[in-house]
Amino acid sequence: QMSNVSIDAGAGDDVIAFYGENNSIIGGAGDDTINETGGSSNNHYLYNTAFGNDSIKGFTSTDKIHIATGYDAELSNENKTVTVAFLPPRPRLSMF
C-alpha cells in the first residue's frame, strides 16, 4: 500500500496500478489506463486535455478529478461508466 505519493507517468500509453490513498496521479500524454485497487480512496487525478484518452478503473466517491481550467466538457454516465468529453472533440476521460 502506498499513501501520499505523486505518480507522473509522462508521455506514452501507460498502465498504472496502485493500492493506497491520498495519492496524486498524472497519466501524462498518451492513452493511459489507471487501475485503483483494493479499496483505495481519497486519490487525486490531474488531467489536461493534451493527455489523451484515459480510463480510471476503481474510481471511488472519495476520489477527485482535477481538470485544467479553460475547457468545456460534457459528462455522461452510461453502464456504470462516467465519461468526460472535452469540446471541441478532444480526448476523453472515463471512470468506472
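Let me sum up the structure you'll find in this document. A quick note: this is a predicted structure, and the numbers were derived from the prediction, not measured.

A closer look at the overall build of the chain
Reasoning step 1: Of the regular secondary structure elements, the chain holds 0 helices and 12 strands.
Reasoning step 2: The linear arrangement of helices and strands in the chain, starting from the amino end, is β-β-β-β-β-β-β-β-β-β-β-β.
Reasoning step 3: For the chain, the spread of C-alpha atoms along the principal axes amounts to about 40 × 30 × 20 Å.
Reasoning step 4: Within the chain, the fraction of its 96 residues that count as buried is 36%.

Examining the sheet that holds strand β11 (residues 81-87)
Reasoning step 1: Strands sit in the order β3-β6-β8-β12-β11-β10 across an open sheet of 6 strands; the sheet is mixed. Looking along the sheet, the strands with just one partner apiece sit at the ends: β3 (15-18) and β10 (72-78). Taken pair by pair, the neighbouring strands of this sheet meet at an average axis angle of 15 degrees, ignoring direction.
Reasoning step 2: Pairing analysis gives 3 bridges linking strand β6 (residues 33-36) to strand β8 (residues 54-57), with the strands arranged parallel. Residue pairing for β8: asparagine 35 is matched across the bridge by lysine 57.

Some words on the sheet that holds strand β2 (residues 6-8)
Reasoning step 1: Spatially, the 4 strands line up as an open sheet ordered β2-β5-β7-β9, and their pairing is parallel. Strands at the two margins of the open sheet, each flanked by one partner only, are β2 and β9 (64-67). Taken over all neighbouring pairs, the strand axes of this sheet differ in orientation by 15 degrees on average, direction set aside.
Reasoning step 2: Where strand β7 (residues 44-47) and β9 come together, 4 bridges link them in parallel fashion. The partner of histidine 44 across the bridge, within β9, is lysine 64.

Some words on the nonpolar core
Reasoning step 1: In terms of nonpolar packing, the biggest core is built from 14 residues, with Ile16, Phe18, Ile25, Ile34, Tyr45 and Ile56 touching the most fellow members.
Reasoning step 2: Secondary structure elements with two or more residues in this core: β3, β5 (24-26), β7, β11 and β12 (92-95).
Reasoning step 3: Apart from residues lying up to four places away in sequence, isoleucine 25 is in contact with Ile7, Ile16, Phe18, Ile34, His44, Tyr45 and Leu46.

Considerations on the side chain of aspartate 14
Reasoning step 1: In this structure, aspartate 14 sits in the loop between β2 and β3.
Reasoning step 2: In this view, aspartate 14 contacts Ala9, Gly27, Asp31, Asp32 and Thr33; residues no more than four positions away in its chain are not counted.

What to know about the side chain of aspartate 54
Reasoning step 1: Mapped onto the secondary structure, aspartate 54 falls in strand β8.
Reasoning step 2: In this structure aspartate 54 is buried but unpaired, with arginine 92 as the nearest side chain of opposite charge at 12 Å.
Reasoning step 3: Excluding residues within four positions of it along the chain, aspartate 54 makes contact with Gly28, Gly30, Asp31, Asp32, Tyr47, Arg92, Leu93 and Ser94.

Structural notes on empty space enclosed by the protein
Reasoning step 1: Scanning the entire structure with this criterion turns up 1 cavity of 30 Å³ or more.
Reasoning step 2: Taken as a whole, the largest cavity encloses approximately 50 Å³ of empty space.
Reasoning step 3: Of all the secondary-structure elements, those providing two or more residues to the lining of the largest cavity are β7 and β8.
Reasoning step 4: Per element, the largest residue contribution to the lining of the largest cavity is 3 residues, and it comes from β7.
Reasoning step 5: Tallied by class, the residues present in the lining of the largest cavity amount to 8 nonpolar, 1 polar and 1 charged.

Definitions and cut-offs
- Residues numbered from 1 in each chain as written.
- Predicted model: local features only at pLDDT ≥ 70, side-chain atom pairs only at ≥ 80, totals over all residues.
- Heavy atoms only, no water.
- Helix = DSSP H or I, 4+ residues; strand = E, 2+ residues; numbered from the N terminus.
- Buried < 20%, exposed > 50% of the residue type's maximum accessible area, 1.4 Å probe, protein only.
- Pairing = 2+ DSSP bridges.
- Axes fitted to C-alpha atoms, helices over the stretch in contact; angles between N-to-C directions.
- Core = buried A, V, L, I, M, F, W, Y, C linked by side-chain atoms within 4.5 Å.
- Contact = heavy atoms within 4.5 Å.
- Lys, Arg positive; Asp, Glu negative; His and termini not counted.
- Salt bridge = Lys/Arg side-chain N within 4 Å of Asp/Glu carboxyl O.
- 1 Å grid on protein atoms, 1.4 Å probe; cavity = no way out; pocket = protein on both sides within 12 Å on 5 of 7 lines; lining within 4 Å.
- Points joined across faces, edges and corners; volume = space filled by probe spheres on them.
- Nonpolar A, V, L, I, M, F, W, Y, C, P; charged D, E, K, R; others polar.

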